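Summary of the model geometry
Listed below are the residues making up each chain.
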Amino acid sequence: MEGGDARTRILDAAEELFAGGGYEATPTALIARLAAVPKGLIFHYFPRKIDVLVALIDERTLVEEGHEVDAVPGDPAGTLSRLARRLPLHASPAMRRILFREADTHGSVKERLGRLNGELISRARFALELALPGARGGAARLEVAAATFAAVLLYQENLCQLTGHQIDPDAVAELIAHSLI
């Protein structure tokens, strides 16, 4: 890895290695080698190996605040499709793999995954409420629809890696919209 500051190169290397082989299987010496830094420099920025993982999760997985929902009343499919395209979810495919791989063994990763999922559900539910005022079945159906759509947005990278099939968020938006109308 060339260019960038040493801390960024360390995080880039850790992201690549943790996504490929997992946190436990990645020694700090390998991170240092890929980042082209002395091993001791890793511990200058991150006192423990777990701090590298926590920094990755905190800095490279987030949903930005304050973006408007482009909802059209009566068009839930279009509203969800626009939400999927404009959603400011920052988590590379590699970071999504890390989130799911490490959530079972690291509490901070599990907590971040839960927060991301909650934020996606909240935004999808709000978009559906705007698109379908007084929807059939009320809040409970909108919550299930929003959770389903959020799952597709968050989990699509893992599903694609497992099955080899890309999930089309527009098709999922159509399916969810038809279930609500």
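Report on the accompanying structure. (Residues numbered from 1 in each chain as written. Predicted model: local features only at pLDDT ≥ 70, side-chain atom pairs only at ≥ 80, totals over all residues. Heavy atoms only, no water.)

One turn of the α-helix equals 3.6 residues, which is why residues spaced by three or four share an orientation. Its 16 residues give helix α1 (residues 6-21) an end-to-end C-alpha distance of 22 Å, which sits within 8% of 22 Å, the value for a rise of 1.5 Å per residue. Listed in full, the buried residues belonging to α1 are A6, R9, I10, L11, A13, A14, E15, L17, F18 and A19. Buried residues along α1 sit against α2 (28-35), α3 (39-45), α4 (49-60) and α6 (93-102). (Helix = DSSP H or I, 4+ residues; strand = E, 2+ residues; numbered from the N terminus. Expected span 1.5 Å × (residues − 1). Buried < 20%, exposed > 50% of the residue type's maximum accessible area, 1.4 Å probe, protein only. Contact = heavy atoms within 4.5 Å.)

According to the stated counting rule, one finds two aromatic pairs in the structure shown. Between the aromatic rings of F18 and Y23, the centroid separation amounts to 5.3 Å while the plane-to-plane angle is 70°, which identifies the pairing as edge-to-face. F18 sits in the buried class, given a relative accessible area of 0%. When its relative accessible area of 7% is taken as the criterion, Y23 is described as buried. Plain terms: the ring middles of Y45 and F46 are 6.3 Å apart, the flat faces sit at 50° to each other, and that makes the pair tilted. (Phe/Tyr/Trp six-rings, centres within 6.5 Å; stacked < 30°, edge-to-face > 60°.)

Inspection of the secondary structure assignment puts L153 in helix α8 (residues 138-163). Placed 15 residues apart in sequence, L153 and D168 show a C-alpha to C-alpha distance of 9.6 Å.

Below, the discussion takes up the packing of helix α5 (residues 76-86) against helix α7 (residues 107-131). A packed helix pair is summarised by two numbers, namely the angle formed by the two axes and the spacing between the axes. One can describe the packing of α5 onto α7 by two numbers: an axis separation of 9 Å at closest approach and a directional angle of 150°. At the point where α5 passes α7, the crossing takes the right-handed sense. Contacts between α5 and α7 involve P76, T79, L80 and L83 from the first element and R123, A124, A127, L128 and A131 from the second. (Axes fitted to C-alpha atoms, helices over the stretch in contact; angles between N-to-C directions. Left-handed = near helix turned anticlockwise from the far one by under 90°.)

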